[in-house]
Amino acid sequence: MAQLLAEPRVAPSILSADMARLGSQIEEVMAAGARVIHFDVMDGHFVPPITIGPLVLSAIAEQVHDAGGVVDVHLMIEAPERQIADFAKAGADAITFHEEATPHAHRTLAAVRELGCLAGIAINPGTPVEAVQELRGMADIVLCMTVNPGWGGQSFIATSPDKVERLAPLAGNARIEVDGGVDATTAGSLAAAGAHLFVAGSAVFGADDPAAAYAEIAAAANAA
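Per chain, the residues get numbers from 1 upward, laid out in the order the sequence is written. Given that this is a predicted model, residues contribute local features only at a pLDDT of at least 70 and side-chain atom pairs are listed and counted only at 80 or more, while totals for whole chains, interfaces and linings are drawn from all residues. Hydrogen atoms and water are omitted, and side-chain values are computed over all heavy atoms in the structure.

In this section: unusual backbone geometry. Non-glycine residue Ala 79 carries a positive phi angle of around 45°. Segments assigned H or I by DSSP are reported as helices when at least four residues long, segments assigned E as strands when at least two residues long, and all are numbered from the N terminus. Among the structural elements, Ala 79 can be located in the loop between strand S3 (70-76) and helix H3 (84-90). Residue burial is assigned from relative accessible area. The probe radius is 1.4 Å, only protein chains are included, and a residue is buried under 20% of its type maximum, exposed over 50%, and partly exposed in between. A relative accessible area of 14% means that Ala 79 is categorised as buried.

Structure (structure tokens):
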């Protein structure tokens, strides 16, 4: 995955996909150029909804890998350290968890790397950027939520580019990922602020033509 992150990427989030057609929808966006598939996991505790888990990941991982892509798992769950091994075994290439979800972020980042995955740390809109400062060098990805986590289709928080800009100097060599309300109208300002990975869910899979929507967002972010 590290090679794929050498250039900016748009990561379609299957949270917004039609689960009855999941395989074909992944195929469609990957044919359009997507190489990072974002996999959102919610547990009904850290955030209210419950979504998908390792069984679904194991069902799509081979398809994504065979097409030359990677799976970027985003754990919006309590005590993520208890679940990371299952997601790594199911085919995750990167595992990101929330700084707010565990008192052991440093240890959990190290454990993710030991499992052979890239390690990511996420922060909510209300969490100061300084929360990641002590994790510099431990994270490969720093995910800045640009909506409050829990549901797709939320409105973009307008102050997010400013937060990304303040986050960038604290992230070290980690790639900055943004998630929430990312579309062709917001991706450009996020890219200018320092974002490198652009998670887009409803803007891609809620469109009449997901492949065209993906390409439009990639062009706006100057990403692949």
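Where helix H1 (residues 22-31) contacts helix H2 (residues 54-66), the axes come no closer than 11 Å and their chain directions differ by 35°. Handedness of the H1/H2 crossing: right-handed. On H2, the residues that touch Leu 22, Gly 23, Ile 26, Glu 27 and Met 30 of H1 are Val 56, Ile 60, Gln 63 and Val 64. The nonpolar class holds Ala, Val, Leu, Ile, Met, Phe, Trp, Tyr, Cys and Pro. Asp, Glu, Lys and Arg form the charged class, and all remaining residues, Gly among them, are polar. For the contact of H1 with H2, a count of residues per class yields six nonpolar, two polar and one charged. In this analysis an axis means a line fitted to C-alpha atoms, helices contributing only their contacting stretch, and an angle means the value between N-to-C directions, from 0 to 180 degrees. Each helix crossing is assigned a hand: it is left-handed if the near helix lies turned anticlockwise from the far helix by less than a right angle, otherwise right-handed if that turn is clockwise. Contacts are assigned to residue pairs that have any heavy atoms within 4.5 Å of one another.

Along helix H5 (residues 160-167), the residues classified as buried are Ser 160, Pro 161, Lys 163, Val 164 and Leu 167. Seen along its axis, H5 keeps its buried residues to an arc of 160°; they face one direction. Elements in contact with the buried residues of H5: strand S5 (118-123), strand S6 (141-145), strand S7 (175-179) and helix H6 (187-193). Working definition: the arc comes from the directions between the helix axis and the C-beta atoms, pointing outward to the latter.

This part takes up the pattern of salt bridges. Opposite charge on two side chains allows them to pair when their charged atoms are near. Any carboxyl oxygen of Asp or Glu that lies within 4 Å of a side-chain nitrogen of Lys or Arg is treated as forming a salt bridge with it. Within the structure shown, the criterion is met by four salt bridges. Of the charged contacts, one joins Arg 9 and Glu 7 as a salt bridge, the two residues approaching to 3.3 Å between their closest N and O atoms. Residue class for Glu 7 comes out partly exposed when judged on its relative accessible area of 39%. Taking the shortest distance from any N to any O, the salt bridge between Asp 18 and Arg 21 comes out at 3.2 Å. The class for Asp 18 is partly exposed, based on a relative accessible area of 33%. A relative accessible area of 42% places Arg 21 in the partly exposed class.

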